[in-house]
Amino acid sequence: MSIEWTLEIERNNTVEAFHVAQNETVQVNETDFIRILVDIPSDLFDSGNPYLVLGDVPYDLEVIKSSDTNRKYGTAISSKAYENQLFYNYFGESEIKLFFDGYEEAVSVMNVDIKARPANAEMAVDMLNFLSSNVDDVLLLCFSKSRKSGGTGSGDSDSITKLSILKDILEYIYENQGTLLRDYRFKWSTEISLTGHGQPSGPDSVKYVLNNLDKITHSTPSEANIRFNNRSYKVENIPKEILNQDTDVFENRVIFSFLHSAKDFLYKIRASSIKGSFSPKKRLLGYEESSNFVSFDNVLSVYKDKIINHHIRDIDFQIVKVNKLISLFRNKIGAKFIPNLMPRITQFIASRPTYISLFRGIHRWYLSSAPNISDNSFLFGLRNLSTIYELCCLLLLNKSIEDAFKVDLSSSEYLDYSENLPYSGLRCNLPNGKINNFYNYKSKDFNISIRHEPRIYQYREGVSASGDLINISNRRDNKYGKYYVCPDYIVSITSPIWDEELLIVLDAKYKSSSNVRNYDFDSLELKYLRNIYSVKENHSVGFSPIKLLLIMYAHGVDSSISNLHRRHRLGGDLPVYPQTLGQKIFPKTESISKLSKLFVSLSENHHEEVKRRVLMNRESKIFSM
């Protein structure tokens, strides 16, 4: 027997049950009241307690019916009606996954297609339009390890896509083509040419004469063109050695092989991108079509094609570049093409920095993984409107940091925040379906990092390190793991002129200002301002280092939300810290300026506070003497 899924949908006071097979998708409205039922056969009884995961939210299951052959589990029915709207603010295709305690992988999956209210669909259009208009920045932040220009770099390829490395290498070759075409590796070779006025002085030409003695005749001294042991001989055509440069050597083969492999790679991902823009329609289970709700696929198709077309244009441009380089190097430096010829550092390469950087880049390119812009793991898999809004806010946050502090992105990578790791996390390969979650910006005046969804655990003996953030809540661990809080973003700003970092917590809520005020403001303030502290060097607990909690919401009033008088808010005459502030941030260019001004005001206040503290410390030392 296999696991069987049933979806009970209540709409307009009518309940209907749909039995969903593995290859089927059931369609629902986001406002439907949902109950999920799962039939589990007896051979899985010993696997542990089952639970469901929708997005990243776990749902406990309760036993409804049990027999010797199977057990029926279902999601709990809450007395609060809105808690039974499991797909509220979801949009499009989503997966409901069944897990058992102790199993890392899902044992079964059910697919649903969620239709949104027109208002949510309209906001989704605006957010997707913002993301698609900034697709280069999205791909750079989410999937690439950014580097400053001027070389291919020697960093890890953990989170670098194959395409981004290739673009860097091609640009590097273009910038250094003068050096590469002037200082190249070759070996001398000789070519035998038969002429009437040659001179067989080299070993190859002498060997030719000795192998063709039958063509030599005795001659008078005046007509002789060969003399041997004081005797005169004549031959019609005398071999002559011509010295040539042979460029068909390992170093040049590596470059040629790379260019041809790059060309083949570009054509393959171009074909896969075009193929990805066409997807067959699936058969959907569910109620009859409702004109009051909008299908996500209809909304997304426009932006999917737009992003893929942008991607294809970029690939076409790289194809033109690589073809030009192949032609240029073939005419100047000929060599054989050997597929996937891995570079190595020879004596010639080791003495030339330009070649070292190029060969390291080629080596990383061969080892890196190829991007798949057309799959459903990124933009086309964003089905929760809250997730789309969080991604928009992430992009706005990065852009506003650049604008406010005039800093450059130095790295973007993925960190693992597992419960056995300190707050700083561990850099690792970018998992499938994930985006980078750590971004670092630098200038001579500032060092700024953005952590996306970091996990802040309670103090852990032997794990928590000095400087780590910890939460001091009395919440207990549960069967899903150790308890932690997970703000959407944490911004850390340090400067040579400050003696302490400036920490800002930001949380994105796809909600109205009134809902944030009524349901989220106080709970988030407790969670992120009052319950987060830092570990000191002696492993005692210091003060909360967080100056500001900024709650960003998608719609509602434009004025900010705060429990403080205006003069004490950020930007007021007498600001106090820490404080919580709610601000409407919607994915438009104006929001970049709004966030930028907020960061500048906060950093200026922090700077003045640090100056006052330093001055007070000096005065106290003087009076104590």
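Everything that follows concerns the structure shown earlier in this document.
Please read all numbers here as calculations on a predicted model, not as lab measurements.

## What about the overall build of the protein?
For step 1, the next point in the chain: Helix and strand content of the protein: twelve helices and 28 strands.
For step 2, the next point in the chain: Of the contacts made within the protein by residues no fewer than 6 positions apart, 73% connect residues no fewer than 24 positions apart.
For step 3, the next point in the chain: By element, 49% of the accessible surface of the protein is carried by carbon and sulfur atoms, the whole surface being about 32700 Å².

## What to know about the pattern of salt bridges
For step 1, the next point in the chain: Counted under the stated rule, the structure contains 21 salt bridges.
For step 2, the next point in the chain: A salt bridge links Lys444 to Asp445, with the nearest nitrogen and oxygen atoms 3.4 Å apart.
For step 3, the next point in the chain: Glu525 is the partner of Arg530 in a salt bridge, and the nearest nitrogen-oxygen pair spans 3.4 Å.

## Let's talk about the packing of helix H1 (residues 118-133) against helix H10 (residues 385-405)
For step 1, the next point in the chain: Two numbers describe how H1 lies on H10: the axes approach to 10 Å, and their chain directions differ by 35°. As H1 packs across H10, the resulting crossing turns out to be left-handed. Note on element contacts: H10 touches H1 through Leu385, Ile388, Tyr389, Leu391, Cys392, Leu395 and Leu396, opposite Asn120, Ala124, Met127, Phe130 and Leu131.

## Describing the packing of aromatic side chains
For step 1, the next point in the chain: By the definition in use, this model includes eleven aromatic pairs.
For step 2, the next point in the chain: When the ring of Phe258 is compared with that of Trp365, the centres are 5.4 Å apart and the planes differ by 90°; the resulting orientation is edge-to-face. Of this pair, Phe258 sits in helix H6 (residues 250-276) while Trp365 is found in helix H9 (residues 353-367), placing the two residues 107 residues apart along the sequence. Like Phe258, the residue Trp365 is buried in the burial classification.

## Quick word on the side chain of Thr354
For step 1, the next point in the chain: Looking at the element boundaries, Thr354 is found in helix H9.
For step 2, the next point in the chain: Overall, the relative accessible area of 18% leaves Thr354 in the buried class.
For step 3, the next point in the chain: Leave out the neighbours within four places in its chain, and Thr354 touches Tyr172, Asn176, Thr179 and Leu180.

## Considerations on the sheet that holds strand E16 (residues 408-413)
Remark on secondary structure: sheet strands pair via backbone hydrogen bonds, oriented parallel or antiparallel.
For step 1, the next point in the chain: Taken in spatial order, the seven strands make up an open sheet running E16-E19-E20-E24-E25-E27-E28, and their pairing is mixed. Looking along the sheet, the strands with just one partner apiece sit at the ends: E16 and strand E28 (579-584). Direction aside, the axes of adjacent strands within the sheet are offset by 20° on average.
For step 2, the next point in the chain: With five bridges joining them, strand E19 (residues 438-442) and strand E20 (residues 447-452) adopt antiparallel strand pairing. Along E20, the bridge assignment pairs Phe438 with Arg451.

## Let's talk about the pairing of strand E2 (residues 14-20)
For step 1, the next point in the chain: Where strand E1 (residues 4-11) meets E2, seven bridges bridge the pair, whose relative direction is antiparallel. Paired with Glu10 across the two strands is Val15, which belongs to E2.
For step 2, the next point in the chain: Between E1 and E2, which pair antiparallel and follow one another directly, the connecting turn spans two residues, one of which, Asn12, has a positive phi of 55°.

## Description of the packing of helix H3 (residues 162-175) against H9
For step 1, the next point in the chain: Between H3 and H9, the least distance of the axes is 9 Å, while the angle of their chain directions is 160°. Taken together, the axis directions place H3 and H9 in an arrangement best described as roughly antiparallel. Seen along the crossing, H3 lies across H9 with a hand that is left-handed. Facing H3, whose interface residues are Lys162, Ile165, Leu166, Ile169, Tyr172 and Ile173, H9 presents Pro353, Thr354, Ser357, Leu358, Gly361, Ile362, Arg364, Trp365 and Tyr366.
For step 2, the next point in the chain: By residue class, the composition of the contact of H3 with H9 is ten nonpolar, three polar and two charged.

## Structural notes on the nonpolar core
For step 1, the next point in the chain: Counting residues in hydrophobic clusters, the biggest one holds 53 residues, and the most contacted among them are Ile401, Met552 and Phe599.
For step 2, the next point in the chain: Tallying contributions element by element places H10 first for this core, with 13 residues.
For step 3, the next point in the chain: Discounting residues that sit within four places of it in the chain, Met552 has contacts with Tyr389, Cys393, Tyr489, Leu506, Asp507, Ala508, Lys509, Gln583, Ile585 and Leu595.
For step 4, the next point in the chain: One finds Tyr172, Leu180, Tyr355 and Leu358 within the second-largest nonpolar core, a separate group that totals 37 residues.

## Considerations on the pairing of strand E3 (residues 25-29)
For step 1, the next point in the chain: With respect to burial, E3 is a largely interior element, five of its five residues being buried.
For step 2, the next point in the chain: Side chains Thr25, Gln27 and Asn29 of E3 all project onto a buried face; the interleaved residues Val26 and Val28 project onto the opposite face, where all are buried too.
For step 3, the next point in the chain: Note: E3 against strand E9 (residues 108-115), five bridges, orientation parallel. Of the residues in E9, the one forming a bridge with Val26 is Val112.

## Here we look at the environment of Ser560
For step 1, the next point in the chain: Following the sequence through the fold, Ser560 ends up in the loop between strand E27 (546-555) and E28.
For step 2, the next point in the chain: In sequence terms Ser560 and Lys584 are 24 residues apart; their C-alpha atoms lie 7.1 Å from each other.

## Notes on unusual backbone geometry
For step 1, the next point in the chain: A cis amide bond links Tyr577 to the next residue, Pro578, at an omega of 0°.
For step 2, the next point in the chain: Tracing the backbone shows Pro578 in the loop between E27 and E28.

Calculation rules
Residues numbered from 1 in each chain as written. Predicted model: local features only at pLDDT ≥ 70, side-chain atom pairs only at ≥ 80, totals over all residues. Heavy atoms only, no water. Helix = DSSP H or I, 4+ residues; strand = E, 2+ residues; numbered from the N terminus. Contact = heavy atoms within 4.5 Å. Areas by Shrake-Rupley, 256 points an atom, 1.4 Å probe, with all protein chains shown as cover. Salt bridge = Lys/Arg side-chain N within 4 Å of Asp/Glu carboxyl O. Axes fitted to C-alpha atoms, helices over the stretch in contact; angles between N-to-C directions. Left-handed = near helix turned anticlockwise from the far one by under 90°. Phe/Tyr/Trp six-rings, centres within 6.5 Å; stacked < 30°, edge-to-face > 60°. Buried < 20%, exposed > 50% of the residue type's maximum accessible area, 1.4 Å probe, protein only. Pairing = 2+ DSSP bridges. Parallel < 35°, antiparallel > 145°, perpendicular 65-115°, else oblique. Nonpolar A, V, L, I, M, F, W, Y, C, P; charged D, E, K, R; others polar. Core = buried A, V, L, I, M, F, W, Y, C linked by side-chain atoms within 4.5 Å.

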